[in-house]
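Observations on the model geometry
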Amino acid sequence: QVQLVESGGGLVQAGGSLRLSCAISESMTNINDMGWHRQFPDKLRESVAIITRIGISRYADSVKGRFTISRDNAKKTIDLQMNSLKAEDTALYYCYVILRTGQNYWGQGTQVTVSS
C-alpha cells in the first residue's frame, strides 16, 4: 500500500505564498506521473499540476505562471510552490501518484485558505 502525506497547507492572505509538500512511501522508480488536484468548497475538482517521470510539467490555466510543481527523487517528495495566491485558490489540495503498473494513490489532502 502506497502512502502519501501532504503538508504545508494553511491560511494566507491574497498575494501571499505557500509551499505544499507530499511525502511518498513508494520508490520513485516505480512511479510514472505525479501531481496535485484540488477540491473547491462547492466540491468541484480540478487538476492543478502534473509532472511526468521525465520531468515534464503541465498546469491548469488558472495557475500557470503562479504555481510550480517539482519532484525530488532522493527525498521522495512532490512539492507545489504557490505564489500570488488568490481567494479562488481556496481548496483542499491532494497529491497523487500513478505507478508504472497503472495503479494510482492519493493523499488525505491539505487545506489551503486564501483570505481576500
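See above for the structure.
Residues numbered from 1 in each chain as written. Predicted model: local features only at pLDDT ≥ 70, side-chain atom pairs only at ≥ 80, totals over all residues. Heavy atoms only, no water.

1. Topic: unusual backbone geometry
Phi at K43 is positive, roughly 80°, even though this residue is not glycine. Here K43 shows up in the loop between β4 (31–39) and β5 (45–51). The backbone of S84 sits at a positive phi, close to 50°, despite the residue not being glycine. Tracing the backbone through its elements, the reader meets S84 in the loop between β8 (77–82) and β9 (91–99). (Helix = DSSP H or I, 4+ residues; strand = E, 2+ residues; numbered from the N terminus.)

2. As for the environment of G35
One can find G35 in strand β4. Residue G35 is classed as buried on the basis of its relative accessible area of 0%. Each C-alpha atom of the pair G35 and I51 lies 6.0 Å from the other, and the pair is 16 residues apart in sequence. Ignoring anything within four residues of it in the chain, the contact list for G35 reads A49, I50, I69, I78, Y94, C95 and Y96. (Buried < 20%, exposed > 50% of the residue type's maximum accessible area, 1.4 Å probe, protein only. Contact = heavy atoms within 4.5 Å.)

3. Remarks on the pattern of salt bridges
Going through the model one piece at a time under the given rule, you end up with 5 salt bridges. R38 is the salt-bridge partner of D89, the closest N and O atoms lying 3.0 Å from each other. Residue D89 is located in the loop between β8 and β9, and its partner R38 is located in strand β4; the two are separated by 51 residues in the primary sequence. Taking the relative accessible area as the measure of exposure, R38 reaches 2% and is therefore buried. In the salt-bridge network here, residues are joined through shared partners; they are R38, E46, R66 and D89. (Salt bridge = Lys/Arg side-chain N within 4 Å of Asp/Glu carboxyl O.)

4. Here we look at the sheet that holds strand β7 (residues 67–72)
Pairing is antiparallel in the open sheet, where 4 strands are placed in the order β1-β3-β8-β7. The sheet terminates laterally at β1 (4–7) and β7, the two strands that pair on one side only. Taking the axes of each pair of neighbouring strands and ignoring which way they run, one obtains an average angle of 15° across the sheet. Bridging between β7 and β8 involves 6 bridges; their strand directions are antiparallel. Residue R71 lies in a different strand from β8, and its bridge partner there is I78. (Pairing = 2+ DSSP bridges. Axes fitted to C-alpha atoms, helices over the stretch in contact; angles between N-to-C directions.)

5. Considerations on the packing of aromatic side chains
Taken as a whole and judged by the stated rule, the model has 1 aromatic pair. Here the basic side chain of R45 rests over the ring of Y94, its NZ or CZ set 4.8 Å away from the ring centre. In this arrangement the basic side chain of R45 is found over the ring face of W106, its NZ or CZ atom lying 5.2 Å from the centre. (Phe/Tyr/Trp six-rings, centres within 6.5 Å; stacked < 30°, edge-to-face > 60°. Lys NZ or Arg CZ within 6 Å of the ring centre and 35° of its normal.)

6. Examining the state of the cysteines
In this structure the tally under the stated criterion is 1 disulfide. Disulfide partner of C22: C95, at an S-S distance of 2.0 Å. Taking the torsion about the S-S bond as the criterion, the C22 to C95 disulfide, at about 55°, is right-handed. With a gap of 73 residues between them, C22 in strand β3 (residues 18–24) and C95 in strand β9 connect regions that are remote in the sequence. (Disulfide = S-S within 2.5 Å.)

Function-wise, these values are silent; they only describe arrangement.
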